[in-house]
Amino acid sequence: MKRCIYILLAMLSLAGCSRQEPMDVLADRVFSAAREQCLQMDGRLTDQTLPRTIGKNGEFVSSNINWWCSGFFPGTLWYVYEYTGDSSIKELAVANTLKLEPLQYRAKDHDLGFQMNCSYGNAYRITGEQRFLAPIYTSALALAGRFSPATGTIRSWDFVRAGRDWRYPVIIDNMMNLEHLLNAADLFRDNSLRDMAIAHANTTMCNHFREDFSCWHLVDYDPETGAVRSRETVQGYADGSSWARGQAWALYGYTMMFRFTGYECYLRQAENIADMIVDRLPADGIPYWDFDAPDIPDAPKDASAAAVMASAFADLGTLTTSDCNSRKYSGMAERQLRTLASDIYLAKPGENCNFILKHSVGNLPGDSEVDVPLSYADYYFLEALIKYITHNNN
Ligand code: GLY
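Conventions used here
- Residues numbered from 1 in each chain as written.
- Predicted model: local features only at pLDDT ≥ 70, side-chain atom pairs only at ≥ 80, totals over all residues.
- Heavy atoms only, no water.
- Helix = DSSP H or I, 4+ residues; strand = E, 2+ residues; numbered from the N terminus.
- Buried < 20%, exposed > 50% of the residue type's maximum accessible area, 1.4 Å probe, protein only.
- Contact = heavy atoms within 4.5 Å.
- Near = heavy atom within 4 Å.
- Polar contact = N/O pair within 3.5 Å; in protein donor to acceptor, adjacent residues only side chain to side chain.
- Areas by Shrake-Rupley, 256 points an atom, 1.4 Å probe, with all protein chains shown as cover.
- Nonpolar A, V, L, I, M, F, W, Y, C, P; charged D, E, K, R; others polar.
- Phe/Tyr/Trp six-rings, centres within 6.5 Å; stacked < 30°, edge-to-face > 60°.
- Axes fitted to C-alpha atoms, helices over the stretch in contact; angles between N-to-C directions.
- Parallel < 35°, antiparallel > 145°, perpendicular 65-115°, else oblique.
- Left-handed = near helix turned anticlockwise from the far one by under 90°.
- Pairing = 2+ DSSP bridges.
- Salt bridge = Lys/Arg side-chain N within 4 Å of Asp/Glu carboxyl O.
- Core = buried A, V, L, I, M, F, W, Y, C linked by side-chain atoms within 4.5 Å.

J.: Please give an account of the environment of Gly113 that cites residues and values.
T.: Within the secondary structure, Gly113 sits in helix 5 (residues 112-127). Relative accessible area serves as the criterion here: at 1%, Gly113 is assigned to the buried category. Along the primary structure Gly113 and Met176 are separated by 63 residues, whereas in three dimensions their C-alpha atoms are 7.4 Å apart. In this view, Gly113 contacts Cys118, Leu143, Asn177 and His180; residues no more than four positions away in its chain are not counted.

As structure tokens, then:
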């Protein structure tokens, strides 16, 4: 009798598995919806604007090219083109990438890496067309101009904020900009760019992380001595809390550093961050906006953090040398992608002001962009899907 029950349970669980949508079918479904949304989204834009979010009255909000997110829509178009091969999408990808051409000469903050790598970096990687190459180097040199040997880091922001006395603020998000330096270093054989990226990653590893491998959002340095002046948050719940997207940037940053350099210390750091995140994620794989938000489970979830994590987990699942970790990280990427591709998060074409995903959080303490679509959630979601499908031979 007991044996029969086990067999029945096994059959039921197999039947359950077979009902699950295969990941290649899921990816086709998502990219078909994304293609439709991108075509409609372009109609909302001028030759100076890019998508940002939905405002408090439900209105579409665009940005100019200076907003830190301006590279994400061009990058989203490049991923849709990469997956579908649709030439009309390529035309939009080219046009939206070229909007950012004036940015390349001056790094007003660290975000130039996000802006140029997601747009021009993908444009060159996917097409190999020479016209996209020079702005990659020009902008990487501009970004490198923000590096200081005294702190061993790239300065994130120059502006001052009321009530803060930062002298040389560096936020964990800045790890993401290193990919632009490393890519340009490889393309142009410029080791100085690579050395700066490595120095920044090493300094950040020393100063930004707690014993449990969660991280602070912002570390302020003395620009003369490099001493740490303070450790704070700007977009998280509290200085000592774990802001979800910050943890995602850290995971992605060190996974990417290992992918480019092969240095074991970055793999170990990425795995330690990954294990901390896996232990703390809710069952659906989508974090609350801050892991320590006081109103969990009523706190808003952040799809953007999940999308960034999923992309990093997809890579880390193939980079790790441990079979157990590989299953753990690839499994988490799959879980997050399945939830993001569900009706809860994936918008139907024509809805959601033509953004792909719903339910992200930009800056909750600033009462800005709470439970809305965000262009970077879309970008990293599609990137994660392509990586997952490529790595798992679906
Ligand atoms: N500053 C980038 C972010 O909001 O994650």
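J.: Please set out the site of the ligand residue by residue, giving values where relevant.
T.: Inspection of the region around the ligand gives Trp68, Asp173, Gln235, Trp243, Arg245 and Trp249 as its neighbouring residues. Trp249 is positioned with one of its side-chain polar atoms (N or O) 2.9 Å from an oxygen atom of the ligand. Taking 200 Å² as the accessible area of the ligand by itself, protein coverage stands at 93%. Considered class by class, the residues forming the shell around the ligand number three nonpolar, one polar and two charged.

J.: I'd like a rundown of the packing of aromatic side chains, residues and numbers included.
T.: Enumeration according to the criterion identifies 24 aromatic pairs in this entry. With a centroid separation of 5.7 Å and an interplanar angle of 85 degrees, the aromatic rings of Trp68 and Phe72 are classed as edge-to-face. Like Phe72, Trp68 is buried. Summarising the aromatic geometry, the rings of Trp78 and Tyr81 are spaced 6.1 Å apart at their centres and angled 70 degrees between planes, so their arrangement reads as edge-to-face. Of the two residues, Trp78 and Tyr81 are both situated in helix 3 (residues 72-84); the distance of three residues between them amounts to about one turn of the helix.

J.: Outline the packing of helix 11 (residues 303-319) against helix 13 (residues 375-391), listing residues and values.
T.: One way to put it is that helix 11 packs onto helix 13 with a least axis distance of 8 Å and a crossing angle of 20 degrees. In terms of orientation, helix 11 and helix 13 fall into the roughly parallel class. Here the hand of the crossing between helix 11 and helix 13 comes out left-handed. Here helix 11 contributes Ala303, Ser304, Ala307, Val308, Ala310, Ser311, Ala314, Asp315 and Thr318 to the contact with helix 13, which in turn contributes Tyr376, Ala377, Tyr380, Phe381, Glu383, Ala384, Lys387, Tyr388 and His391. Class assignment of the residues belonging to the contact of helix 11 with helix 13 gives a composition of 11 nonpolar, four polar and three charged.

J.: An account of the sheet that holds strand 7 (residues 228-232) is requested, with residue identities and associated values reported.
T.: With antiparallel pairing, three strands are arranged side by side in an open sheet as 5-6-7. Lying at the two open borders of the sheet, with one neighbouring strand each, are strand 5 (169-171) and strand 7. On average, each strand axis in the sheet is inclined to that of its neighbour by 20 degrees, with strand direction left out of account. In this structure, strand 5 lies alongside strand 6 (residues 218-221), joined through three bridges in antiparallel fashion. Counted as the bridge partner of Ile171 is Leu218 from strand 6. Along the sheet face, helix 8 (residues 191-207) touches strand 5, strand 6 and strand 7 and points at about 105 degrees away from the line of strand 6.

J.: Let's hear about the side chain of Asn122: which residues, and what values?
T.: If you trace the backbone, Asn122 turns up in helix 5. The exposure class assigned to Asn122 is buried, which follows from its relative accessible area of 5%. At 3.0 Å, the side chain of Asn122 forms a polar contact with the side chain of Arg125. If near-sequence neighbours (up to four positions away) are discounted, Asn122 is found in contact with Gly75, Trp78, Tyr79, Asn117 and Tyr379.

J.: Outline the pattern of salt bridges, listing residues and values.
T.: Side chains that differ in charge, positive against negative, can pair when their charged atoms come close. By the definition in use, this model includes 25 salt bridges. For the salt bridge of Arg52 with Glu369, the shortest nitrogen-to-oxygen distance reads 2.8 Å. Highlighted residues: Arg52 in strand 1 (residues 50-54) and Glu369 in strand 9 (residues 368-372), separated in sequence by 317 residues. Lys387 is the salt-bridge partner of Glu383, the closest N and O atoms lying 3.4 Å from each other. Within this pair, Glu383 and its partner Lys387 are both found in helix 13, separated by four residues, close to a single helical turn. Across the pair, Lys387 and Glu383 agree in class, each one buried. Where salt bridges share partners, they join Glu179, Arg259, Asp315, Glu383 and Lys387 into one cluster.

J.: Explain the nonpolar core to me, and be specific about the residues and the numbers.
T.: Counting residues in hydrophobic clusters, the biggest one holds 121 residues, and the most contacted among them are Tyr380 and Phe381. Leaving out residues up to four positions away in the same chain, Phe381 has contacts with Val30, Ala307, Leu337, Leu340, Ala341, Leu346, Ile356 and Leu357. Formed by five residues, the second largest nonpolar core is a distinct cluster that contains Trp157, Trp166, Ile171 and Val234.

J.: Any details on the environment of Leu45? Residues and values, ideally.
T.: Relative to the elements of secondary structure, Leu45 occurs in the loop between helix 2 (23-42) and strand 1. The exposure class assigned to Leu45 is buried, which follows from its relative accessible area of 13%. As for Leu45 and Ser62, which are separated by 17 residues in sequence, their C-alpha atoms are 7.6 Å apart. Ignoring sequence-local partners within four residues, the contact set of Leu45 consists of Leu50, Pro51, Phe60, Phe73, Asn96 and Lys99.

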